[in-house]
Amino acid sequence: MDLGLSEEQEMLRTSARDFLQKECPKQLVKQLDESDEGYSPELWRKMAELGWMGLVLPEEYGGSGGSFLDLVVLLEEMGYNILPGPFFSTVVLGGLSILAAGNEEQKKEFLPKVANGEIILTLALTEPSAKYDAASVKTKAVARNGEYVINGTKLFILDANVADYLLCVARTKEGVKPEDGITIFLVDAKSPGVKCTLLKTLARDKQCEIIFDNVNVPKDNVLGEVDRGWPVVESILQKAAVAKCAEMVGGAQASLEMAVSYAKERVQFNRPIGSFQAIQHYCANMVTDVDGSRFVTYRAAWKVSEGIPATMDVAVAKAWTSEAYGRVTLLGHQIFGAIGFTMDHDMHLYYRRAKAGEIMFGDGDFQRAVVAQELGL
Amino acid sequence: MDFKFADEEEAFREEVRQWLKKEIPQRWIELDPGIWEETEESWALSRQFQRKLGQKGWIAPAYPKEYGGLEMSHTKRLILAEELAYSGAPIGIEVEITVNWVTPTIMLYGTEKQKKDYVTRVAKGDLIFCLGYSEPDAGSDLAALQTRVVEDADEYVINGQKTWCSYGHYADYCWLAARTDPDVPKHKGISMFVVDMKTPGITVRPLINILNRHSFNEVFFDDVRIPKDNLVGEKNMGWYQLAMALDFERSSIGTAAINQRIIEELVQYAKETKCNGGTLADDPLIRNELAGVAVENEVLRMMCYRIAWMYSKGLHPSYESSMSMLFGSELIRRLGNVGMRILGPYGQLDVGSKWAVLNARIMRMYLSSISMGVGGGSNEIQRNIIAMRGLGLPRQ
């Protein structure tokens, strides 16, 4: 049993922290949050040069052949610093899906472009029902004249505003079970009939509505098997949930550090507020939540990385981390007091993201339903 | 990173399971005493079992071989502790206190003779210590203790009162913290002694706990004379010696394993209990609650695994142990509450009622869990430790 990072992973962590601190200061984070694009092409290029987009892609597709665990280390740092932009969508939701389900031609076409930062991808799964189950996929794809025609509305689609390709999950057949008859399509985001509208959100992340109005997609753009796409979606969601946990653990760690360092400096009643037991106990609760989240996340990530069945572990990690991050950031706000209630301050960046992270890929209630099932209930 | 146990470790887990299946007395299972519920009969069964465990080397597997230990790896000890707790084996807080609190200090600071006398017998399962720490006016502020020890010729003479001495009425020895110098700051005048509980002048008076059982005591020392050899370590350095030993191998893996067992029983109960034309397991609220405590228990388990892993790396957890104790104690209280809600009115029924469910284990745990988070350093003290030692927050 070894719960620590390898030497290479420690190096990745340190270099990622240094890089992000220098290249993605909070001023830039705030600027990007307020922008319509939500990312900096210049920073994106530098990240590609560092090999981040190709970190988990095999060498034959221009990547460096790292493991899912390596990616988790990197995502934790992205959560720690806060890195706005479509990395998560492109690599976790897009790249890993194509790697898992794509045919050789698709892998050769898309993955090297992912690795060198040339394209942005995202997963278009959720719809106005806002659920992550197969029954909620109502968007239809109908075969016609050697092509598929997609019609429907996708909602809460991350980074679709800047995506080059959408991995659109659509229904190609009404089966007996809702899981039957689902197919994933690689859709060029500039296809006629694709209409993307940016949504204004709490975390100021770039979630979108996408309307597919008679969008034609060549048959070659089916990712994986026709009608049998749901297991692929499930596997994407599992990886995405753990990946989101990693980001949240990083963000929670940063929130803790910010609050503790403020508690040591801020003087009231002639003493640092961190010497008051009330504040000390808040901090103790925060670190308990941070550490607690970290190790269940690592276990889930390790299982996913090793290809071991991880339904329970992923649900445990996401259920816990989702809510723990929220508690940590709320206590952070409590410690910062009024100054934290300003746009100038950084605390709200984490507080906002904690809620967005909780909701994305299944919140606590959703994940506990999975856990209940796994318990045999 | 690797969360897998080695094949050899998995084999060890299986060996422990098989051994426990064979060795836990049937009568113990019938009596089914929870924490703080021991009786004369169950205590005798416990001691018998613990000697057998001692023969296997599994009472104090961490100790050096020369003192009867096995120098067992940290991971295997984690596995052993997990299996012992999950199986409900007759091994409780008395062994935890003796093995993980008392003897480590003796090993660190005791003379060769003391190590031979006490450590070896503890490892065999022959010896139980009770703690002489708390006093009526020294609880969380332990260093305020007033029990006095003075030298008189070649003896020490003890006068004072200790309280909350768990199993003081059964223990062979008391591990006593007492004041040897009243004229210096409170932390600097405390020494540690081994006191034979049969020494004249000791009076043990029962305190009846919340479960209406006799598990702890007041212990009065009235001109109790002990040999000078019974001082452990340096005189007046007791506080610092204790602080060193407090970090010895404390995780709450036992709590996680006990919780696991209770969660499994509640899951089974929910699946079998009819309700509204289905079973309790169909109720989304009950599913959510049970899943919630299961999630938290996995968080606790990972906190404990992390502690074992740190030790195996030669690192010394400090605030991490406080964290797992804190989290574990709050979780077991929540679990007690969740269990009571699931059982509804039946949860109130005590052992002996034909209507009682799960042998009233949940309501007993609902009561006994109050002690977690109070005993062995309250949760407030644990949070102080996490904040000051772990996060470096200032004292003033």
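Residues numbered from 1 in each chain as written. Chains lettered and ligands numbered in written order. Predicted model: local features only at pLDDT ≥ 70, side-chain atom pairs only at ≥ 80, totals over all residues. Heavy atoms only, no water.

Residue and element names in this part refer to chain A. With domains assigned, chain A is organised as domain 1 (7-119), domain 2 (123-228) and domain 3 (231-375). Each of domain 2 and domain 3 was reduced to a C-alpha centroid, and the two centroids are 30 Å apart. At the interface, twelve residues of domain 2 touch 17 residues of domain 3. Both faces considered, domain 2 and domain 3 share a buried interface measuring about 1,200 Å² in area, 75% of it formed by carbon and sulfur atoms. When the buried area of domain 2 at its contact with domain 3 is split by residue, Tyr132, Leu202 and Arg204 rank highest and sum to 46% of it. Where domain 2 packs against domain 3, one counts two residue pairs in polar contact (both at pLDDT 80 or more). Tallied by class, residues from the side of domain 2 that touches domain 3 come to eight nonpolar, one polar and three charged. (Domains from an automatic or database assignment. Contact = heavy atoms within 4.5 Å. Buried area = accessible area lost by both parts, 1.4 Å probe. Polar contact = N/O pair within 3.5 Å; in protein donor to acceptor, adjacent residues only side chain to side chain. Nonpolar A, V, L, I, M, F, W, Y, C, P; charged D, E, K, R; others polar.)

In this section: the packing of helix 7 (residues 230-265) of chain A against helix 10 (residues 347-359) of chain A. All names here are of chain A. Relative to each other, helix 7 and helix 10 sit at 150°, their axes nearing to 10 Å. Classified by the interaxial angle, the pair formed by helix 7 and helix 10 is roughly antiparallel. Where helix 7 crosses over helix 10, the two elements pack in a sense that is left-handed. Touching Lys244, Met248, Gly251, Ala254, Ser255 and Met258 of helix 7 are Met347, Tyr350, Gly357 and Glu358, all from helix 10. Here the residues of the contact of helix 7 with helix 10 are counted per class, giving five nonpolar, three polar and two charged. (Axes fitted to C-alpha atoms, helices over the stretch in contact; angles between N-to-C directions. Helix = DSSP H or I, 4+ residues; strand = E, 2+ residues; numbered from the N terminus. Parallel < 35°, antiparallel > 145°, perpendicular 65-115°, else oblique. Left-handed = near helix turned anticlockwise from the far one by under 90°.)

Once that is clear, we can look at the pattern of salt bridges. Close approach of charged atoms allows side chains with opposite charge to pair. By the definition in use, this model includes 57 salt bridges over all chains. When the shortest N-O distance is used, the salt bridge between A:Asp346 and A:Lys30 registers 2.9 Å. With A:Asp346 in the loop between helix 9 (311-336) and helix 10 and A:Lys30 in helix 2 (residues 26-34), the pair connects residues that are 316 residues apart, well separated along the chain. A:Asp346 gets classed as partly exposed once you look at its relative accessible area, which sits at 22%. In this structure, A:Lys154 engages A:Glu127 in a salt bridge whose closest nitrogen and oxygen atoms are separated by 2.7 Å. Linking A:Lys154 in strand 3 (residues 147-158) with A:Glu127 in the loop between strand 1 (121-124) and strand 2 (140-144), this pair joins segments that are 27 residues apart in sequence. With relative accessibility at 4%, the residue A:Glu127 sits in the buried group. Connected through shared salt-bridge partners, A:Arg299, A:Lys303, A:Asp313, B:Glu10, B:Arg13, B:Arg17, B:Glu82, B:Glu83, B:Glu298 and B:Arg301 make up one network. (Salt bridge = Lys/Arg side-chain N within 4 Å of Asp/Glu carboxyl O. Buried < 20%, exposed > 50% of the residue type's maximum accessible area, 1.4 Å probe, protein only.)

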